[in-house]
Every structure is written in structure tokens, then in C-alpha cells.
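Coordinates in review
Next come the chains, spelled out residue by residue.
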Amino acid sequence: IVIVIIAVVLGLTLRQNKSEFESTFLSRCEKFDQYDCKKVWDAFQQAYVNKDPCKVPVEAYDPLIAAAPFKPQCNRMMFWSKTKDVVHGFTEKRDCFVTLEDTLLGSVLDGLTWCGKEGSKDTFTNGCPGWSDCENNTVRSFWIRASAAFADVACGNVTAMLNGSINTPFNPTSIFASVEVPRFIASRVKNLNVVMVIQKNNISNCTDPSLKNLRQSIDTGITFSCKDVSESQIQECGSKPEIACGACW
Ligand code: AVW
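Residues numbered from 1 in each chain as written. Predicted model: local features only at pLDDT ≥ 70, side-chain atom pairs only at ≥ 80, totals over all residues. Heavy atoms only, no water.

**Regarding the sheet that holds strand S3 (residues 189–198)**
In any sheet, the strands associate via hydrogen bonds between backbone groups, in a parallel or an antiparallel arrangement. Note the cut-off: Strand pairing is assigned whenever DSSP detects at least two bridges linking the two strands. Helix and strand assignments come from DSSP, with helices taken as H or I runs of at least 4 residues and strands as E runs of at least 2, each series counted from the N terminus. Working convention: axes come from line fits to C-alpha atoms, limited for helices to the stretch in contact. Angles between N-to-C directions cover 0 to 180 degrees. Contact definition: two residues touch when any of their heavy atoms are within 4.5 Å.
Reading across the sheet, the 4 strands line up as S1-S2-S3-S4 and stay open at both edges, with parallel pairing between neighbours. Each end of this open sheet is capped by a strand with a single partner; those strands are strand S1 (78–81) and strand S4 (223–230). This sheet shows a mean twist of 20° between the axes of neighbouring strands, independent of strand direction. Relative to S4, helix H10 (residues 231–239) is tilted by about 90°, and along the sheet it contacts strand S2 (156–163), S3 and S4.

**Re the pattern of salt bridges**
Oppositely charged side chains can pair when the atoms bearing their charge come close. Stated formally: The term salt bridge refers to a pairing of a side-chain nitrogen on Lys or Arg with a carboxyl oxygen on Asp or Glu at a separation within 4 Å. Summary of the burial criterion: residues with accessible area below 20% of their type's maximum are buried, those above 50% are exposed, and those between are partly exposed, where the area comes from a 1.4 Å probe applied to protein chains only.
For the structure shown, the criterion picks out 7 salt bridges. For glutamate 236, the salt bridge is made with lysine 240, and the minimal N-O distance between the two is 3.7 Å. The class of lysine 240 is partly exposed, set by a relative accessible area of 31%.

**Focus: the site of the ligand**
Note the cut-off: Summary of the distance rule: residues count as near a molecule or strand when at least one heavy atom falls within 4 Å of that molecule or strand. Contacts described as polar in this section are N or O atom pairs within 3.5 Å, which, within protein, must combine one atom able to donate a hydrogen with one able to accept it, while residues neighboring in sequence count only if both atoms come from side chains. Polarity classes work like this: nonpolar for Ala, Val, Leu, Ile, Met, Phe, Trp, Tyr, Cys and Pro, charged for Asp, Glu, Lys and Arg, and polar for all others, with Gly in that last group.
Taken together, 13 residues are adjacent to the ligand, and Trp80, Ser81, Lys82, Ile175 and Glu180 come closest. Here an oxygen atom of the ligand and a side-chain polar atom of serine 81 are 2.7 Å apart. Between tryptophan 131 and the ligand, the recorded distance is 3.3 Å, taken from a side-chain N or O atom to a nitrogen atom. Listing elements by their share of the shell around the ligand, those giving two or more residues are S1 and helix H8 (175–180). Of the residues contributing to the shell around the ligand, the split by class is 6 nonpolar, 4 polar and 3 charged.

Keep in mind these values describe shape, not function.
Dropping the structure here:
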């Protein structure tokens, strides 16, 4: 009996408690059916655990993408650049489009910071390198890998919301321009429809020279369109379910 008690007490003290991060990951994951969240968590951890947080290449997340693959949702896929709040404000209310942040991996990791440390099997949420502190940082590599995988399955009519309140709505250094657009292939994607979000003090619109670059950089065979749409019109469509998705703008 004494031995059993010692073994149990030892087992309990040695067993690592689930971190708050792991709990968040798993509870967000469990909102999606058809995925084995423990398997997804294990595939996620192997990308960065016990590594220098600045030495996690994009490919480190390949096994994670394989464990939770993206499903093509033709004609409903929404990309964005510098319009995160407008886009999600809309997609939260209406089931018209699917963004990366609506998929399992995107929604589980949205807004989170994480990294590992050499010599430790833990996940840390403090003291992790910032987005531009080093090239191969743990969080940035994930978003690049996930964005690439999401763009790889893009099909049919693809929509992108760009920001008319900045100088260069199609910025070559953005994930949208550098990772996603190059993966749109004519055999899968029919049209790229840009929605230029226009606010009161907009400084650019669909006539911006950067949009010409976008038109020229897409795969031949993909047709391109751009429409200036006011932010208030997007919000109105978000709050009026009687307006059909296709009639929003
Ligand atoms: P974004 P993207 N520091 O609005 O085209 C911290 O520029 O690049 O649009 N976080 C950053 C930084 C930074 N300097 N830069 C970017 N981020 C993060 C995935 C931050 O979380 C979707 F499918 C910001 O909200 C879109 O089509 C996010 O990256 C496309 O990639 C987007 O930055 C949007 O990427």
C-alpha cells in the first residue's frame, strides 16, 4: 500500500499540468468536428518545442498542416491585407465567406503568441520574439505556412479585401502579395475579385498603381476585378441577413 501511495504521489507531481496555452488550443480546436485535437496539438508542438524561437523555419509546420489539412471551399474564400477587423466583423455575422481565421488552425492560433526554448519541452507565451525580430520566428513561420496552405486550396471566385486608407493597398511585402497571390493557379482559380475598403479619409482606391501590379502578377487565365466599396456598406450587409451574399457589393 505504501509503495502504491508513493507511486501515485510521484506520478501526480511528475505529471505536467496542462498549460493555459494548451487548454486554449484544445478548447478552440474542439469546436471543430472531424479532427483529433490531441494529434493536432502534438503535430503543432513538434514544430517549435526544444528549439531556438528564432530558428523555426516555415517547413517546420508541414506536419501540422498534414495533420489538419485545409478543405477547399470554392467561391467562398476570402483573403485580406490590412483589413483584418473589417473582414472579420463581416464574416462573424454572415456566413458568406471563409477566411483563414475561420479554419481550424487559423481560429485556434488567432491572436496567440507562443514559442519554445532550447533544452525545454514547454511552450512559452512570454519573451517570444516579435514578428520582425528575426526571420524564422515561431509565430511568423506558422502564419506564412498556414497562409500558403490556405491559398493552395483556393478555387473558383476568390475575394480579397484590401485597404483604401493606406498608400500601397497591394504591398509586395505582405503575406497576401508574397505568399498567397503566387499560389493562385488558373486551373483552380477563375477570378480574383478585390474589394477595396473605402473609409471617409481614403487615400487610394481601385485605380491605385499597386493594383496594376496585382493584376500583372496573377497567373494568366485568372480574371481580375476590383470594386471600391465603402466600409459602411460592408457593415450594413453584415447586419442585414436578408441581403444575399452575392448582392452585398
Ligand atoms: P497584414 P497580410 N507584427 O494585415 O497580407 C505583428 O499586414 O500580411 O496582411 N504581427 C504582424 C505583423 C507585424 N509587423 N505583420 C503582420 N502581422 C500579422 C493571412 C498580424 O497578425 C490571411 F489569409 C496581422 O493581423 C490574409 O489573406 C496579420 O499578420 C493574409 O494572410 C496580417 O497582416 C493577411 O496577411
